[in-house]
Amino acid sequence: MFAHHQKLIEKAKEKEAPKCAVCYPCEHTAIESGIEAHKLGLLNPIFVGPTDEIKAIAAKHNISLNGYEIVDAKSEAAAATASVQLIREGKAQLLMKGSLHTDVMLKAVVNKENGLRTGKRITHAFLMDGLNWETPYIISDAAINISPDLTTKMHIIQNAIDLHHALGYGVPRVAILSAVEMINPDIPSTLEAAALCKMADRGQITNGILDGPLALDNAVSLKAAQMKKLDTPVTGKAQILIPPDLISGNILFKALCFIGDQPAHADSAGIVLGAKAPIILTSRASGLDSRLVSCAMAKLSYYHSV
C-alpha cells in the first residue's frame, strides 16, 4: 500500500466505526473485506444476503463470523433492497457492494420511493496513489455516468471537491480534461470545460479551483505546462482530474493501475457519492488493500457530511 493511502487509513481510524451494510457478500473477498475493515476500526459490517451461503463460504475459507450480524436476503435484488432499507432506518451508515452486479445495487439506491436519492446526482470517484507521488489524484467519473451532460458534470465536480475536503486534503485544484488546452468548437468537451469554469466563477461550483480545458500532460506536469506557456493555479499541479466521459476516465484509471510492473503502477480505491450514504464500490480486480482504503474514504466522507 502506498503512502497516501496508508495515511488515509490511519486518519480514518481516529473516529468511531459506523455500521456498514455489506450487500450480497457471496464470495470470500467481500466477507474478508468487511471483517478486515472491522479489525482496523473502519466500520462495523452487517452482512446482507443468503445466510446459509454466506456461512458456507466463510467456513470454506476459514473465516470466523462469530459476533457478526447477518440479515437474510435470498437474492441479489432482495439484498440490495434490504441494505438500502438498513440505511433509511438509520441502522447502517455506509453501504458496501459485495458480489452482486453493480446495476442491481444501484437500482435499489436510485429508487425514487425507497432509495437513497438526494438533490445531488449519483457519481463515482477513484482515489489513485502511486510510488513516491507528491499527491494522490481523484478521477471522476470513470464508473457510473457514461456520457454526462453539463449539469451532471457540475455534480461530478462538486461531489469530487466535497470528497477532497472530507479526506482532509484541503481546497483542490481541479483539471477538466480534454485532448487539447485550447477551446475548439469541433471538440465539445473543450466548450463544456470552459462553461464549467465559468460556472465556478459564478458560484455554481464551490470550494475548488477549476481550470480547463487541459490536456492530461498540462494538468499534471509543470514541465509540460511551461513548454506550452501555461501558468495557472491548476496547470501542472492538479489534484482532481475530470475526464470528458466514462470511457476516457475508465481508460485513464486502468492505464494507471495496470501498465507496468508492481510497484510501478498505481493503486486505486473508489466510492459512490451523492446518495444518502457513501457507497464503497471498487473495481472487480481490486485487492484487499484497495477495498480497505475505499472503506476509509467512505468513513471520512460520512463524518464530513454529518
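Here we summarise the structure given alongside this text. (Residues numbered from 1 in each chain as written. Predicted model: local features only at pLDDT ≥ 70, side-chain atom pairs only at ≥ 80, totals over all residues. Heavy atoms only, no water.)

### A word on the overall build of the protein
Right, so step 1: What the protein contains, in helices and strands, is 11 helices and 11 strands.
Right, so step 2: For 306 residues, the compact-globule estimate of 2.2 N^0.38 gives 19 Å, and the C-alpha radius of gyration of the protein, at 19 Å, lies within 12% of that figure.
Right, so step 3: For the protein, the spread of C-alpha atoms along the three principal axes comes to 60 × 45 × 30 Å.
Right, so step 4: For the protein, buried positions account for 53% of its 306 residues.
Right, so step 5: Counting contacts in the protein only where the partners sit at least 6 residues apart, residues at least 24 apart contribute 70% of the total.
Right, so step 6: Approximately 13900 Å² of the protein is accessible, and the part contributed by carbon and sulfur atoms is 51%.
Right, so step 7: Looking at charge distribution, the protein has the averaged site of its 30 positive side-chain charges lying 4 Å from that of its 30 negative ones. (Helix = DSSP H or I, 4+ residues; strand = E, 2+ residues; numbered from the N terminus. Rg over C-alpha atoms; globule rule 2.2 N^0.38 Å. Buried < 20%, exposed > 50% of the residue type's maximum accessible area, 1.4 Å probe, protein only. Contact = heavy atoms within 4.5 Å. Areas by Shrake-Rupley, 256 points an atom, 1.4 Å probe, with all protein chains shown as cover. Lys, Arg positive; Asp, Glu negative; His and termini not counted. Charge placed at Lys NZ, Arg CZ, Asp CG, Glu CD.)

### Some points on the pattern of salt bridges
Right, so step 1: Evaluated as defined, the whole model comprises eight salt bridges.
Right, so step 2: In this structure, Glu-192 engages Lys-153 in a salt bridge whose closest nitrogen and oxygen atoms are separated by 2.5 Å. Residue Glu-192 is found in helix α7 (residues 188–201), and its partner Lys-153 is found in helix α6 (residues 150–166); the two are separated by 39 residues along the sequence.
Right, so step 3: Given a relative accessible area of 23%, Glu-192 falls into the partly exposed group.
Right, so step 4: Taking the shortest distance from any N to any O, the salt bridge between Asp-201 and Lys-198 comes out at 3.4 Å. (Salt bridge = Lys/Arg side-chain N within 4 Å of Asp/Glu carboxyl O.)

### A closer look at the sheet that holds strand β1 (residues 19–23)
Right, so step 1: Strands sit in the order β3-β2-β1-β4-β11-β10-β5-β6-β9-β7-β8 across an open sheet of 11 strands; the sheet is mixed. The open sheet has two edge strands with one neighbour each: β3 (69–72) and β8 (209–214).
Right, so step 2: Strand direction decides the pairing type here: strand β4 (residues 94–97) and strand β11 (residues 279–280), joined by two bridges, are parallel. The partner of Met-96 across the bridge, within β11, is Ile-280. (Pairing = 2+ DSSP bridges.)

### Notes on the pairing of β4
Right, so step 1: Side chains Leu-94 and Met-96 of β4 all project onto a buried face; the interleaved residues Leu-95 and Lys-97 project onto the opposite face, where all are buried too.
Right, so step 2: For β1 and β4, the ladder comprises four bridges, and the chain directions are parallel. Bridging from a neighbouring strand, Val-22 pairs with Met-96 of β4.

### Section: the nonpolar core
Right, so step 1: Grouped together as the largest cluster of nonpolar side chains are 77 residues, with contacts concentrated most on Ile-31, Ile-157, Ile-205 and Leu-210.
Right, so step 2: The greatest single-element share of this core, amounting to seven residues, is contributed by helix α11 (residues 288–305).
Right, so step 3: Residues in contact with Ile-157, not counting those within four places in the same chain, are Val-174, Ile-176, Leu-196, Ile-205, Leu-210 and Ile-242.
Right, so step 4: Judged by nonpolar contacts, the second largest core, of 16 residues, contains Ile-139, Ala-142, Val-234 and Phe-253. (Core = buried A, V, L, I, M, F, W, Y, C linked by side-chain atoms within 4.5 Å.)

### With respect to the environment of Lys-112
Right, so step 1: Topologically, Lys-112 is positioned in the loop between α5 (102–109) and β5 (123–129).
Right, so step 2: Exposure remark for Lys-112: the relative accessible area of 76% places this residue in the exposed category.
Right, so step 3: For the pair formed by Lys-112 and Glu-36, sequence separation is 76 residues and the distance between their alpha carbons is 33 Å.

### Quick word on the packing of helix α2 (residues 28–39) against α11
Right, so step 1: One way to put it is that α2 packs onto α11 with a least axis distance of 10 Å and a crossing angle of 50°. When the axis of α2 is compared with that of α11, the two are oblique. Our pair here, α2 against α11, has a crossing hand that is right-handed. Across from Thr-29, Glu-32, Ser-33, Glu-36 and Ala-37 in α2, the residues of α11 making contact are Leu-288, Arg-291, Leu-292 and Cys-295. (Axes fitted to C-alpha atoms, helices over the stretch in contact; angles between N-to-C directions. Parallel < 35°, antiparallel > 145°, perpendicular 65-115°, else oblique. Left-handed = near helix turned anticlockwise from the far one by under 90°.)

### Quick notes on the environment of Leu-116
Right, so step 1: Relative to the elements of secondary structure, Leu-116 occurs in the loop between α5 and β5.
Right, so step 2: The sequence separation of Leu-116 and Ala-59 amounts to 57 residues, and the corresponding C-alpha distance is 33 Å.
Right, so step 3: With near-sequence residues (within four places) excluded, Leu-116 lies in contact with Val-84, Ile-87, Arg-88, Val-109, Ala-275 and Lys-276.

### Brief notes about the side chain of Glu-76
Right, so step 1: Considering the arrangement of structural elements, one finds Glu-76 in helix α4 (residues 76–88).
Right, so step 2: For the buried Glu-76, no salt bridge is present, and the opposite-charge side chain at shortest range is Lys-97, 8.4 Å distant.
Right, so step 3: Separated by 3.4 Å, the side chains of Glu-76 and His-101 make a polar contact. (Polar contact = N/O pair within 3.5 Å; in protein donor to acceptor, adjacent residues only side chain to side chain.)

### Some remarks on unusual backbone geometry
Right, so step 1: Omega for the peptide link from Ser-140 to Asp-141 comes to 5°, which places this bond in the cis form.
Right, so step 2: As for its position among the elements, Asp-141 is in the loop between β6 (137–139) and α6.
Right, so step 3: At Asn-132, a residue that is not glycine, the phi angle is positive and equals roughly 60°.
Right, so step 4: Examined against the element boundaries, Asn-132 turns out to sit in the loop between β5 and β6.

Geometric values such as these leave the question of function open.
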